[in-house]
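Overview (structure and organization)
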Amino acid sequence: MFGINKKVIAVIFGVLALAFVVGSVLLFTPQGQRSTQGKVELTVNGRPVYELELARAQQNDPILSTNPQGLLKKLAEINFGDRLIVITALAQDTARIRVSSGELKKEIDNIKERFGLQKKEDYDRFLTQVGYTDSQLRNELRDQIRINKRIEEIQKKAEPTEEEMRLYFELNREQYKNEERVQARQIVVDDKATAEKIYAEVSAPGADFAAIAKANSKLNAEQGGALGAAAGKSEPGPVTRVVFPNAVADAVFKLRDGQISKPIEAGGRFYIVKVEKYLPAGDVKFEEVKDRVKEDAKRIKGNGALEAYLEELRAKANVKFAQDATFKFENPVVAKVGDAEIKLSEVTQVVFANPQVPQLVQQGLGELAVQFFMPQTLEQLINREVIYQAAKQLGQPFFGSKTDIANQAQQWKTRDITVTDAEVRKYYDSNLANFTIPASAKVQAVNFAKEDRAKAEAFRAAALKGGKLEDLAKANSGTVQDYGVVNPGTMPPVPNRLVFLTRGTFPKGPLGEVSEVVKLEDQSFQVLLVNERKAEVLRPFEEVKEQARQQVLAARRAEAAQKWVEEARKAAKVENNLQKVLTALTPKEEPKQEEPKTNQNQPGNNQNNPSTPATPPANR
């Protein structure tokens, strides 16, 4: 329900992309020798960050590397600087973790394989290109392996309690429901005639389906066609839709106990299925799925432990900038919820992690991105903090990251909301498009140049008679374009209109339906070939009733959760100073200086004396 990306660690701290993925060699910042690293720019817990080290890291930053100006530059520096501090503190905290020579070799080998460095000279040349020595690369890899080990250690120790697991199960019952299943046998053969003959046999009174399957089926014959049977056994076990091809599953799950499907074609084979028992979807007890719940809850609690660890590292980091440092930044508070502060870097980490923002920056629209995304992101962070604080008053063992806890609190507050069958039916009738399987067709096109209408006509005539498509196209100077299986609106306007919006079908030949020759918007010509055409199908209400119920329920719960958030926010003490902070950070434009007026009649005027150089413009 909550608006912030669930990968909150990666987004808010921005370190996963830079430091947690072993092997991202181009993002490293080499240590080098101190004598070649320039002056110290800052220290983090006493560890110096040198001028060259800082410059290389800035070059790898997706925003700073675009050379932003004005307010955007200030924001990018704060974003980069805070992330650099966390990464440096993280490397320091993990420095004592042991890395074996085998672990290091494995990562070196991965890099060599990734970049195709089969020979030593290739590897040496690669190191030169990225500005590394072998020793520097190994040091960087050790750091990253250590960081990964620390993360694994933190997450492994985060064991959910029984109380937390039961809460998580109650809040997420839907994801632990049993899917509908069947206990069934099947007979699979290669041709329609054989399938129809066997169908007649198994449909006869007293027919032994298992024996007929054993004698005829291409699959599961030794088990009498039993699906889901244990090794060496012939009794079918419960199976879900996934064990069947889609067309077969659609037919099978409409059957009930003892019913047999007619032959169903799928993938060039024919299936006959007998459902011995239909098992509807339904709730399960906590004990039945405890292991699954524990695995899911452990992952979420691990995220919370990692978030807390990184927040503590940042809070305890002792950062000192050199007196003559060229890189300095402050990280102002942009909002408060009660006593909790939200700093500017928390907002920038989310904003700059949005893949649209670097693209907008490269297009010169960075300021626009800041104006649009930053207020929106801060509001989300404020709401998250409001819910996080309100969650503490609910007396439940919520766990995980702040985002996880906010989501769990909203689920808890809306857990008792239900919907009636009448409301579900009304929703279905009002949203038929949600339950409609769109029309589809397999479409190929043969394209012809502007001057080749006659050749397009000749190709169409030949295609209606039959032959190999590629040969017919080549003989008439056409090129084949395969659209694949498409739905309405997924092709360019002209072919889309012809295939899906024109009544009826095209004349049919051995290659499928063949359209008239059509002129495209660029004045070239095209002939379409259509196969496997399927009409739009509205799924019956009973078939999608549960899906519709979940959609209605989700909408009602989201509405109720939003109302609770609004009430919690009214009760909280919230300060939002983003605009004030951004105004203070925006560089002031220097006043324009008027150029001195000159008398055009004076001898020194450059219009009358071309040899005199023009007065340079004022420094802006």
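These numbers come from a predicted model, not from an experiment. (Residues numbered from 1 in each chain as written. Predicted model: local features only at pLDDT ≥ 70, side-chain atom pairs only at ≥ 80, totals over all residues. Heavy atoms only, no water.)

Working definition: an aromatic ring pair is given by the centre-to-centre distance plus the angle between the planes. Evaluation of the coordinates by the stated rule reveals 13 aromatic pairs. Look at Phe-80 and Phe-327: their rings are 5.8 Å apart centre to centre, the planes differ by 80 degrees, and that puts the pair in the edge-to-face class. In this pair, Phe-80 sits in helix 4 (residues 70-93) while Phe-327 sits in the loop between strand 6 (319-321) and strand 7 (333-337), placing the two residues 247 residues apart along the sequence. Comparing Phe-80 with Phe-327 shows no difference in burial state: the two are buried. (Phe/Tyr/Trp six-rings, centres within 6.5 Å; stacked < 30°, edge-to-face > 60°. Helix = DSSP H or I, 4+ residues; strand = E, 2+ residues; numbered from the N terminus. Buried < 20%, exposed > 50% of the residue type's maximum accessible area, 1.4 Å probe, protein only.)

The strands making up a sheet associate through backbone hydrogen bonding, with each pair oriented either parallel or antiparallel. Strands sit in the order 3-5-4 across an open sheet of three strands; the sheet is antiparallel. Edge positions in the sheet fall to strand 3 (181-189) and strand 4 (264-266), since each has one partner strand and no second. Recorded for the sheet is a direction-independent mean angle of 40 degrees between the axes of neighbouring strands. Relative to strand 5 (residues 269-279), strand 4 is paired through three bridges, and the arrangement is antiparallel. The residue bridging Ala-266 from the neighbouring strand is Arg-269, located in strand 5. Its contacts with the sheet place helix 9 (residues 192-203) against strand 3 and strand 5, and it is angled at close to 30 degrees to strand 5. Strand contacts of helix 10 (residues 209-216): strand 3 and strand 5, with the helix running at about 40 degrees to strand 3, the strand carrying the most contacts. (Pairing = 2+ DSSP bridges. Axes fitted to C-alpha atoms, helices over the stretch in contact; angles between N-to-C directions. Contact = heavy atoms within 4.5 Å.)

Once that is clear, we can look at the nonpolar core. With 65 residues, the main nonpolar core has Leu-75, Val-334, Ile-342, Leu-344, Val-347, Met-374 and Leu-378 as its most contacted residues. Sort the elements by how many residues they give to this core and helix 15 (residues 366-391) lands first, with 12 residues. Among all residues touching Ile-342, those that are not within four sequence positions of it are Val-333, Val-334, Ala-335, Val-347, Leu-378, Leu-381 and Ile-382. If you look at the next biggest cluster of nonpolar residues, it comprises 17 residues, including Val-188, Phe-244, Phe-253 and Tyr-278. (Core = buried A, V, L, I, M, F, W, Y, C linked by side-chain atoms within 4.5 Å.)

Treat this as a map of the structure, not an account of what it does.
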